[in-house]
Amino acid sequence: MPKLLNLLLAVEHGMKKPVWDCTMCGQCVLHSTGMTCPMTCPKTLRNGPCGGVREDGHCEVKPEMRCVWVKAYDRKVSLPLPTVWKEHYNDLRPPVDMQLKGTSSWVNLITKRDQQTPAGWAKRKEQSGSH
Amino acid sequence: MSKLRDLLTQTKDVVYTAEFPVIDGGGMEQVKKNVDRLAPWFVAVNATDNTAAHAHASNVSVAIAMKQHGLEPIMQIVCRDKNRLAVQADMAGANLHGIENIALLTGDDVTAGDEPETRRVFDLDGPQAINVASILNAGTYLSGRKLNPAPNFFICSVENPFAPPHDYRIERALKKHRAGAQMIQLQIGYHPDRLEKFCAGVAATVPGLAIIPSVVLIKSAKPLSFMNDKVPGISVPQEVIDRVAQYNRFPPR
């Protein structure tokens, strides 16, 4: 089993690194963010753009880079992505679980490990309905 | 008791807030001076958290000092410098001292400040921090561990309707509202059309959600050019700069 996990990890990283500059956060949300990785935002914001986006749509921190969330919004609007993915665009994504760093998000998806949130977060989600 | 909450949720009054000057010198006497200047005019005043990525007397300490002198604070917590433990500690500390208005912000990047070599944190983002405040209001920390007595925070947020992607700013403000924000303070902006569209968009989904736009007082066109050139997220149309510059020739009284 560990061999299979390592293989999956290598394949996932091999695919995602060149395309999305994947940092292996282990809790992939690409499908819900217009196929744009929010972990490439210098502030690693997972719930939309900060207030520092420049007039030309570029990043506050790296002026030469287009804001990840400007890109994500454009793609969410224009790419022919499945409707269910687009519906998840405005979800309140939970804080990153640092324990998953370096693990395979595919494995975490299958085992549902990536859906585990702290008890307080889970309770609020349950009580306030889906975010 | 939050006067700010009462006025914003129980009345249709226009409410004025301001930002407390940062404290780097002058001690408690300076705090008192600032309070005396601001208190007659404003319902509540923002106690900032290392504003523009510069270190200052802390958000919690200034908020407590303001309160002691009789001015209601809106205590900001910024995600740039604090991980989720520190953010929650600020909230629990505010609760301990009876501070009810808290505003959760993602924050400027460290590159905006005078110590750009520091580590940026952003363990939480603005909407997540708002949700964490809601969790504390329900009587537990993020982990589920009990916090007693539970806070009764009036949760405030900030949005910048003037920065791209403009259409998405409405959705993002609504996301913050779903996370628990009951008021939105806005960034400085010089595009009335964007402001109008934003307010109408928010009101269409959540009528009555309080929105407080920012007004900046300037003495010449210079700060406008500075903001336009140097502050990411703020754009000032050339026409506005020119219009203000016309009046530069009048000597200040």
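Residues numbered from 1 in each chain as written. Chains lettered and ligands numbered in written order. Predicted model: local features only at pLDDT ≥ 70, side-chain atom pairs only at ≥ 80, totals over all residues. Heavy atoms only, no water.

Asker: Help me get a handle on the domain arrangement of chain B, residues and values and all.
Answerer: Residue and element names in this part refer to chain B. Split by domain assignment, chain B resolves into domain 1 (3–215) and domain 2 (218–253). Measuring from the centre of the C-alpha atoms in domain 1 to the corresponding centre in domain 2 gives 27 Å. In this complex, domain 1 contributes seven residues to the contact, which on the side of domain 2 involves eight residues. Approximately 570 Å² of surface area, both sides summed, lies buried where domain 1 meets domain 2, with 62% of it carried by carbon and sulfur atoms. If you sort the residues of domain 1 by the area they bury against domain 2, I188, Y190 and H191 come out on top, with a joint share of 76%. Our count for the domain 1 to domain 2 interface comes out at two residue pairs in polar contact (both at pLDDT 80 or more). Among the residues making up the side of domain 1 that touches domain 2, the classes are represented as three nonpolar, three polar and one charged. (Domains from an automatic or database assignment. Contact = heavy atoms within 4.5 Å. Buried area = accessible area lost by both parts, 1.4 Å probe. Polar contact = N/O pair within 3.5 Å; in protein donor to acceptor, adjacent residues only side chain to side chain. Nonpolar A, V, L, I, M, F, W, Y, C, P; charged D, E, K, R; others polar.)

Asker: Can you lay out the environment of G52 of chain A for me, pointing to particular residues and giving the numbers?
Answerer: All names here are of chain A. On the secondary structure map, G52 appears in the loop between helix 1 (2–20) and helix 2 (68–78). With relative accessibility at 5%, the residue G52 sits in the buried group. Separated by 22 residues in sequence, G52 and D74 have C-alpha atoms that sit 18 Å apart. (Helix = DSSP H or I, 4+ residues; strand = E, 2+ residues; numbered from the N terminus. Buried < 20%, exposed > 50% of the residue type's maximum accessible area, 1.4 Å probe, protein only.)

Asker: Can you lay out the packing of aromatic side chains for me, pointing to particular residues and giving the numbers?
Answerer: Going through the model one piece at a time under the given rule, you end up with five aromatic pairs over all chains. Ring plane angle 10 degrees and centroid distance 6.4 Å describe the contact between W69 of chain A and Y168 of chain B, whose orientation is recorded as stacked. One end of the pair, W69 of chain A, is in helix 2; the other, Y168 of chain B, is in helix 6 (residues 166–179), on a second chain. Accessibility assignment for this pair places W69 of chain A and Y168 of chain B in one class, buried. A connected cluster of aromatic rings, assembled from ring pairs, spans W69, Y73 and Y89 of chain A together with Y168 of chain B. (Phe/Tyr/Trp six-rings, centres within 6.5 Å; stacked < 30°, edge-to-face > 60°.)

Asker: Please set out helix 4 (residues 84–96) of chain B residue by residue, giving values where relevant.
Answerer: Residues and elements named next belong to chain B. Compared with the 18 Å implied by 1.5 Å per residue over 13 residues, the 18 Å span of helix 4 between its first and last C-alpha is a close match. Every buried residue of helix 4 is listed here: R84, V87, Q88, D90, M91, A92, G93, A94 and N95. Residues of helix 4 that are buried make contact with helix 3 (59–68), strand 3 (73–78), strand 4 (101–105) and helix 5 (126–137). With a side-chain oxygen positioned 3.1 Å from the backbone nitrogen of L85, the residue opening helix 4 is N83. Of the residues flanking the end of helix 4, it is G98, one or two places downstream, whose phi is positive at about 70 degrees. (Expected span 1.5 Å × (residues − 1).)

Asker: Outline the sheet that holds strand 7 (residues 210–212) of chain B, supporting the account with residue identities and numerical values.
Answerer: Residue and element names in this part refer to chain B. With respect to topology, seven strands assemble into an open sheet ordered 1-2-3-4-5-6-7, the strand pairing being parallel. This sheet does not close on itself; its edge strands, each paired only once, are strand 1 (17–19) and strand 7. Going across the sheet, the axis of each strand differs from the next one's by a mean of 25 degrees, ignoring polarity. Sheet analysis places strand 1 next to strand 2 (residues 44–47), joined by three bridges and oriented parallel. (Pairing = 2+ DSSP bridges. Axes fitted to C-alpha atoms, helices over the stretch in contact; angles between N-to-C directions.)

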